[in-house]
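Residue strings, one per chain:
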Amino acid sequence: MSVALVTGSSRGIGAACAQALARSGYKVCINCIERMDLAQALADRLREEGCQVICHQADVADSAAVNEMVRRIERELGPVDLLVNNAGIARPEQFQDIAPETWKRLFDVNLGGCFNTIQAVLPHMLHEHAGCIVNMSSIWGQHGASCEVAYASTKHAIIGLSRSLAAELAPTGIRVNCVAPGVIDTDMVQVLGQETLDNLAQEQIPLGRLGKAEEIAETVLYLARAGYTTGQVITVDGGFII
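Figured I'd write up the structure that's included with this text. (Residues numbered from 1 in each chain as written. Predicted model: local features only at pLDDT ≥ 70, side-chain atom pairs only at ≥ 80, totals over all residues. Heavy atoms only, no water.)

### As for the overall build of the chain
Thought 1: When you go through the chain residue by residue, the secondary structure sums to eight helices and seven strands.
Thought 2: The C-alpha radius of gyration of the chain comes to 17 Å, within 12% of the 18 Å expected for a compact globule of 242 residues.
Thought 3: A principal-axis box enclosing the C-alpha atoms of the chain has dimensions of 45 × 40 × 35 Å.
Thought 4: Taken over 242 residues, the chain has a buried fraction of 50%.
Thought 5: Restricting the contact set of the chain to residue pairs at least 6 apart, pairs at least 24 apart contribute 72%.
Thought 6: A total of about 11,200 Å² of accessible surface is found on the chain, and carbon and sulfur atoms cover 50% of it.
Thought 7: Within the chain, one finds 18 positive and 27 negative side-chain charges whose respective centroids are separated by 6 Å. (Helix = DSSP H or I, 4+ residues; strand = E, 2+ residues; numbered from the N terminus. Rg over C-alpha atoms; globule rule 2.2 N^0.38 Å. Buried < 20%, exposed > 50% of the residue type's maximum accessible area, 1.4 Å probe, protein only. Contact = heavy atoms within 4.5 Å. Areas by Shrake-Rupley, 256 points an atom, 1.4 Å probe, with all protein chains shown as cover. Lys, Arg positive; Asp, Glu negative; His and termini not counted. Charge placed at Lys NZ, Arg CZ, Asp CG, Glu CD.)

Okay, structure coming up:
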């Protein structure tokens, strides 16, 4: 049975990914930085269904904490075969108002988190000449967005990381891909306000609705199984970017 680590998976897209993978037969580590109550509740529901899951609280920006988490996964579930880098934060504000510490924190979590987790799981994948890494970007990382310069910059960097690492690791049999969600109906987008969300759905998304977290999870599950797919950025946005 394969082992998956899904970062930032106590709620939203991460929780949907953890759930889909667990129900598909993966042993899963649910990771969070704060909401262990939600992570534990999700784990309890999945265990009732016969899934094998653990929860671990760790800040992906902290390399020591990430290494500790991965060692625990290896002890209790086995080495990580699938890494889903979903953990991320956003701070919408105008560029001139971004404090240096805010800029640094977004890069430490969104991009640095990918760096830390990949380095922690890579030795096993290299030894086995197999493994799958899925990094979560965003349409804002492809398209750019007003008042989202810091967030969009981190997500654009994740695309560069994914494509470059895919080329570097392909000879070893390790695949690296990226998912770029559009406007997905989660807690993170609620900060935009209902009027803005309604406008996005009605005026800018051809399918006429926000996406669902489960639809991103379906894409992650596809990439986990797609043995001949690497170095790709799959956009799941209802046609927002065409």
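Structure shown, so let's carry the discussion forward.
### A short note on the nonpolar core
Thought 1: Grouped together as the largest cluster of nonpolar side chains are 34 residues, with contacts concentrated most on Leu 21, Val 28, Ile 30 and Leu 82.
Thought 2: Elements with a minimum of two residues in this core: β1 (3-6), α1 (12-23), β2 (27-32), α2 (36-48), β3 (53-57), β4 (82-85), β5 (131-136) and α8 (213-225).
Thought 3: Discounting residues that sit within four places of it in the chain, Val 28 has contacts with Ala 4, Val 6, Ala 18, Leu 21, Ala 22, Gln 52, Val 53, Ile 54 and Leu 77.
Thought 4: Listed in part, the 33 residues of the second largest apolar core include Val 60, Leu 83, Val 121 and Cys 178. (Core = buried A, V, L, I, M, F, W, Y, C linked by side-chain atoms within 4.5 Å.)

### Comments concerning the environment of Gln 190
Thought 1: With respect to the helices, strands and loops of the structure, Gln 190 is situated in the loop between β6 (174-181) and α7 (194-204).
Thought 2: Considering only alpha carbons, one finds Gln 190 and Gln 204, 14 residues apart in sequence, at a separation of 17 Å.
Thought 3: For Gln 190, the contacting residues outside a window of four places in its chain are Asp 185 and Leu 197.

### Regarding the sheet that holds β2
Adjacent strands of a sheet form backbone hydrogen bonds with each other and so pair up, either parallel or antiparallel.
Thought 1: On the basis of which strands lie adjacent, the open sheet formed by seven strands has the order β3-β2-β1-β4-β5-β6-β7 and parallel pairing. This sheet does not close on itself; its edge strands, each paired only once, are β3 and β7 (233-236). The mean inter-strand angle of the sheet, taken between neighbouring strand axes irrespective of direction, is 15°.
Thought 2: In the sheet, β4 pairs with β5 via four bridges, with the strands oriented parallel. Of the residues in β5, the one forming a bridge with Leu 82 is Cys 132.
Thought 3: Across the sheet, α8 lies against β4, β5, β6 and β7, angled at about 165° from β6, the strand it touches most. (Pairing = 2+ DSSP bridges. Axes fitted to C-alpha atoms, helices over the stretch in contact; angles between N-to-C directions.)

### Focus on the pairing of β6
Thought 1: Across the eight residues of β6, eight count as buried, placing the element largely inside the fold.
Thought 2: Residue alternation in β6 divides its side chains into two sets, Ile 174, Val 176, Cys 178 and Ala 180 and Arg 175, Asn 177, Val 179 and Pro 181, and both sets are buried.
Thought 3: Pairing of β5 with β6 involves six bridges; the strand directions are parallel. If you follow Val 134 over to β6, its bridge partner there is Asn 177.
Thought 4: Note that β6 and β7 share four bridges and pair parallel. In the strand pairing of β7, Ala 180 is matched with Thr 235.

### Here we look at the packing of aromatic side chains
Thought 1: In total, this model carries three aromatic pairs according to the counting rule given.
Thought 2: Arranged with centres 6.3 Å apart and planes meeting at 90°, the rings of Phe 95 and Trp 103 form a pair that is edge-to-face.
Thought 3: On the accessibility criterion, Trp 103 (32% relative accessible area) is partly exposed.
Thought 4: Note on Trp 103 and Phe 107: the rings are 5.2 Å apart at their centroids and 35° apart in plane angle, and the pair reads as tilted. In this pair, Trp 103 and Phe 107 both sit in helix α4 (residues 100-128), four residues apart, roughly one turn of the helix.
Thought 5: Members of the aromatic cluster, each reached through a chain of ring pairs, are Phe 95, Trp 103 and Phe 107. (Phe/Tyr/Trp six-rings, centres within 6.5 Å; stacked < 30°, edge-to-face > 60°.)

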